[in-house]
Amino acid sequence: MMPASLRRLVAVIHARNLEFLRDWSAMGWNLLLPMFLVLGLAFMFSGPERPLFKVAVMSDVALSGAEQHPFLGTKYIEFYRVTERDINIPKVERHQIDMLLDLRKGENRFWVNANSPKGYFLEQLMTANPDNPVRRETVQGKEIRYVDWLLPGILGMNMMFSCLFGVGYVIVRYRKSGYLKRLYATPLRAIEFIGAQVLSRLLLIMLITVIIFVGTDFFIHFRMEGSYVDLFLVALLGAASMVSMGLTVSARVTGEELAGGLLNMLTWPMMFLSGVWFSLEGTHASLQGFAQLFPLTHLLDAARAIMLDGAGLTEVADHLAVLGGMTLLFLGLGASVFKWTQD
């Protein structure tokens, strides 16, 4: 006969399994989310050969491979045509592209970042053919390390997870435990509760982010060309937009499993498409356009412009406008559909 303790254990396991299986929304997300991730990543990295390097080419005619220049026939290099030199040279500095090659008549030169390992190998390939000499140009200004470019992405990703899960998941738990139901009996309005949640999370996430930034900068000495005040304001507005997004997700959701699925559905695409780890420069235009729907994309673009290029608030005003609009949209939507109880 089964011991009483084991029977109790089996009973709890059975009850939890039934609870999960009867929650169609949670079970559906557990099934569909991995499928969406696999299909999305397959689309992003599809193709028989993945390029190891990214080279922007300035040319008077459409790129025609090795017929135009032997270097253009090299495998595992993604070549794409550009028209503006002044726009793309800073991208070499920021590791967004590995080389800028100018094949226009009378030019025949290239730019690489001396601190980039990929740039070094591309330069060796370019200069290996003495029959097609190409002049090397030095990138002007202080060269940017990869860690300088990566820092905003790491901090932004940490903010994203804290803002979305730290608010969205917690409110669902409040609703499930009956805490929101008790608050509903008070004069507190939905917009007041949501506003308090936004301000509380903003205070915590900005304090944590500042501590991380100052602590790591003490050892690594990140490049900072712009204003720390401007950077703080951009981070504050970006965090507000992501907190508001998390509140919108949790406005009516009653199950923690469903909330986790919805929040993962938002965080994973942002992590890959918002430029946390790598630049989308040279990828399909539709993919770059889709990335503009995420607040993290605008936060990172604005932060990197301030830190690496010395941009002011006027230069990143378009990103600030989008972040501000997203914040107001998510707050208004969340307050209008907010649900206090599970009923």
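This one's a predicted model, so the numbers in the text were calculated from it and none came from an experiment. (Residues numbered from 1 in each chain as written. Predicted model: local features only at pLDDT ≥ 70, side-chain atom pairs only at ≥ 80, totals over all residues. Heavy atoms only, no water.)

Draft legend 1. Representation of a nonpolar patch on the surface within the structure. Together, Val210, Val214, Val229, Phe232, Leu233, Leu236 and Leu313 make up an exposed nonpolar region whose accessible area comes to about 530 Å². By residue number, the principal contributor to the nonpolar patch is helix 8 (residues 228–249), which donates 4 residues. Structurally, Val214 is set in helix 7 (residues 190–220). (Patch = residues over 30% accessible without salt bridge, like charges linked within 9 Å, V, L, I, M, F, W, Y side chains within 5 Å. Areas by Shrake-Rupley, 256 points an atom, 1.4 Å probe, with all protein chains shown as cover. Salt bridge = Lys/Arg side-chain N within 4 Å of Asp/Glu carboxyl O. Helix = DSSP H or I, 4+ residues; strand = E, 2+ residues; numbered from the N terminus.)

Draft legend 2. View of the pairing of strand 3 (residues 99–102). Of the two faces of strand 3, the one carrying Met99 and Leu101 and the one carrying Leu100 and Asp102 are both buried. Note that strand 1 (residues 53–58) and strand 3 share 4 bridges and pair parallel. Bridge assignment links Val57 to a residue of strand 3, and that residue is Leu101. Both strand 3 and strand 4 (residues 109–112) contribute to a ladder of 3 bridges, which runs antiparallel. Bridging from a neighbouring strand, Asp102 pairs with Arg109 of strand 4. Count of turn residues in the strand 3/strand 4 antiparallel hairpin: 6 residues, of which Gly106 carries a positive phi of about 85°. (Buried < 20%, exposed > 50% of the residue type's maximum accessible area, 1.4 Å probe, protein only. Pairing = 2+ DSSP bridges.)

Draft legend 3. Local environment of helix 11 (residues 295–309). With 15 residues, helix 11 extends 21 Å between its outermost C-alpha atoms, agreeing within 8% with the 21 Å of an ideal straight helix rising 1.5 Å per residue. Within helix 11, 13 of the 15 residues are buried, which leaves the element mostly enclosed by the surrounding structure. Two residues or fewer past helix 11, Gly310 is found with a positive phi of approximately 75°. (Expected span 1.5 Å × (residues − 1).)

Draft legend 4. Representation of unusual backbone geometry in the model. The phi angle at Tyr76 is positive, at roughly 65°, despite the residue not being glycine. The class for Tyr76 is partly exposed, based on a relative accessible area of 42%.

Draft legend 5. View of the confidence of the model for the protein chain. In this model, the protein chain carries an average pLDDT of 78, and 81% of its residues clear a pLDDT of 70 or more. Within the protein chain, the element-level pLDDT minimum falls on helix 2 (residues 24–44), averaging 56, and the maximum on helix 11, averaging 91. (pLDDT = per-residue confidence, 0-100.)

Draft legend 6. Structural detail: the packing of helix 5 (residues 146–177) against helix 11. Here helix 5 crosses helix 11 at 145°, and the two axes come no closer than 9 Å. Pair helix 5 / helix 11 crosses with right-handed handedness. From helix 5, Asp148, Trp149, Leu150, Leu151, Pro152, Gly153, Gly156, Met157, Met159 and Met160 reach across to helix 11, where they touch Leu296, Leu299, Leu300, Ala303, Arg304, Met307 and Leu308. Classifying every residue of the contact of helix 5 with helix 11 gives 13 nonpolar, 2 polar and 2 charged. (Axes fitted to C-alpha atoms, helices over the stretch in contact; angles between N-to-C directions. Left-handed = near helix turned anticlockwise from the far one by under 90°. Contact = heavy atoms within 4.5 Å. Nonpolar A, V, L, I, M, F, W, Y, C, P; charged D, E, K, R; others polar.)

Draft legend 7. Inspection of the layout of surface pockets at higher detail. Estimates place the volume of the second largest pocket at around 490 Å³. If you go around the second largest pocket, you meet 23 residues; those closest to its centre are Gln96, Ser279, Glu281, Gln292 and Asp301. Those elements that provide at least two residues to the lining of the second largest pocket are helix 10 (285–291), helix 11 and helix 12 (317–337). By residue number, the principal contributor to the lining of the second largest pocket is helix 11, which donates 5 residues. For the lining of the second largest pocket, the class distribution of residues is 7 nonpolar, 8 polar and 8 charged. (1 Å grid on protein atoms, 1.4 Å probe; cavity = no way out; pocket = protein on both sides within 12 Å on 5 of 7 lines; lining within 4 Å. Points joined across faces, edges and corners; volume = space filled by probe spheres on them.)

Draft legend 8. Spotlight on the environment of Gly246. Here Gly246 lies in helix 8. Classification of Gly246 by relative accessible area gives buried; the value is 0%. Remark: the alpha-carbon pair of Gly246 and Gly334, spanning 88 residues in sequence, is separated by 9.1 Å. Sequence-distant contacts of Gly246, that is, excluding residues within four places in its chain, are made with Leu164 and Gly168.

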